[in-house]
Amino acid sequence: MQETGVFISPLADGGVWRGALLWAIALYIPLSAPLAAFETSLADSPLPQLWRQIVLVTSSLLLALVVGLITQLVASWALGPGWASSLAAIAIGWSLLLVAVNRQD
């Protein structure tokens, strides 16, 4: 017999959100390159400086969170939620290592 149960969204799991935040931190630096173009386009806008800063910070955090959530969902589907979050923690370390190496050059 098959059980009929309620479908629970993967977004209801707290582990997915923790992993998404880890991925957002790990991918924040690589995502800063496309945001540099957005920042230069904001420089030509008629918005006051305060609003430009608010728009830039909000958009960069939202982009990192959305990309992190998508990455976590795909990695959770392929590897499992625990492995996906662990891979995100490793990616954070790798990003920090790359930043440290680039600053020494």
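Before any of the text, the structure's been laid out above.
The structure reproduced in this document is the subject of the present report. None of the values given here were measured: they were computed from a predicted structure.

1. Things to note about the overall build of the protein chain
(1) Moving on: A tally of helices and strands in the protein chain yields four helices and zero strands.
(2) Moving on: N-terminal to C-terminal, the α/β element order of the protein chain is α-α-α-α.
(3) Moving on: Per-residue burial for the protein chain yields a buried fraction of 25% across its 105 residues.
(4) Moving on: Sequence-distant contacts in the protein chain: of pairs separated by 6 or more residues, those separated by 24 or more amount to 70%.

2. Re the environment of Val57
(1) Moving on: Structurally, the position occupied by Val57 is in helix α3 (residues 49-79).
(2) Moving on: Taking the C-alpha atoms as reference, Val57 lies 10.0 Å from Glu39; in sequence the two are 18 residues apart.

3. What to know about helix α4 (residues 81-104)
(1) Moving on: Helix length check: α4 (24 residues) gives 35 Å between terminal C-alpha atoms against 34 Å at 1.5 Å per residue, within 8%.
(2) Moving on: Within the span of α4, buried status applies to Ala84, Ser85, Ala88, Ala91, Ile92 and Ser95.

4. Description of the packing of helix α2 (residues 32-43) against α3
(1) Moving on: The interhelical angle for the contact between α2 and α3, taken along N-to-C directions, is 160°, at an axis separation of 11 Å. By the angle between their directions, the pair α2 and α3 is classed as roughly antiparallel. The element α2 and its partner α3 pack so that their crossing is right-handed. Every residue of α3 that contacts α2 at Leu35, Phe38, Glu39, Leu42 and Ala43 is listed here: Arg52, Val55, Leu56, Ser59, Ser60 and Leu63.
(2) Moving on: When grouped by side-chain class, the residues that make up the contact of α2 with α3 number seven nonpolar, two polar and two charged.

5. A closer look at the packing of α3 against α4
(1) Moving on: One can describe the packing of α3 onto α4 by two numbers: an axis separation of 7 Å at closest approach and a directional angle of 130°. In terms of axis orientation, α3 runs oblique to α4. Considering only the axes of α3 and α4, their crossing is right-handed. Contacts from Gln72, Ala75, Ser76 and Leu79 of α3 reach α4 at Pro81, Trp83, Ala84, Ser85 and Leu87.
(2) Moving on: Taken together, the residues that form the contact of α3 with α4 break down as six nonpolar, three polar and no charged.

6. Things to note about α3
(1) Moving on: A rise of 1.5 Å per residue sets the reference length of α3, with its 31 residues, at 45 Å; its end C-alpha atoms lie 44 Å apart and thus fit the reference within 8%.
(2) Moving on: Buried within α3 we find Leu56, Ser60, Ala64, Gly68, Leu69, Gln72, Ala75 and Ser76.
(3) Moving on: Directly beyond the C-terminal end of α3, a positive phi value near 110° is found at Gly80.

Thresholds, definitions, all that
- Residues numbered from 1 in each chain as written.
- Predicted model: local features only at pLDDT ≥ 70, side-chain atom pairs only at ≥ 80, totals over all residues.
- Heavy atoms only, no water.
- Helix = DSSP H or I, 4+ residues; strand = E, 2+ residues; numbered from the N terminus.
- Buried < 20%, exposed > 50% of the residue type's maximum accessible area, 1.4 Å probe, protein only.
- Contact = heavy atoms within 4.5 Å.
- Expected span 1.5 Å × (residues − 1).
- Axes fitted to C-alpha atoms, helices over the stretch in contact; angles between N-to-C directions.
- Parallel < 35°, antiparallel > 145°, perpendicular 65-115°, else oblique.
- Left-handed = near helix turned anticlockwise from the far one by under 90°.
- Nonpolar A, V, L, I, M, F, W, Y, C, P; charged D, E, K, R; others polar.

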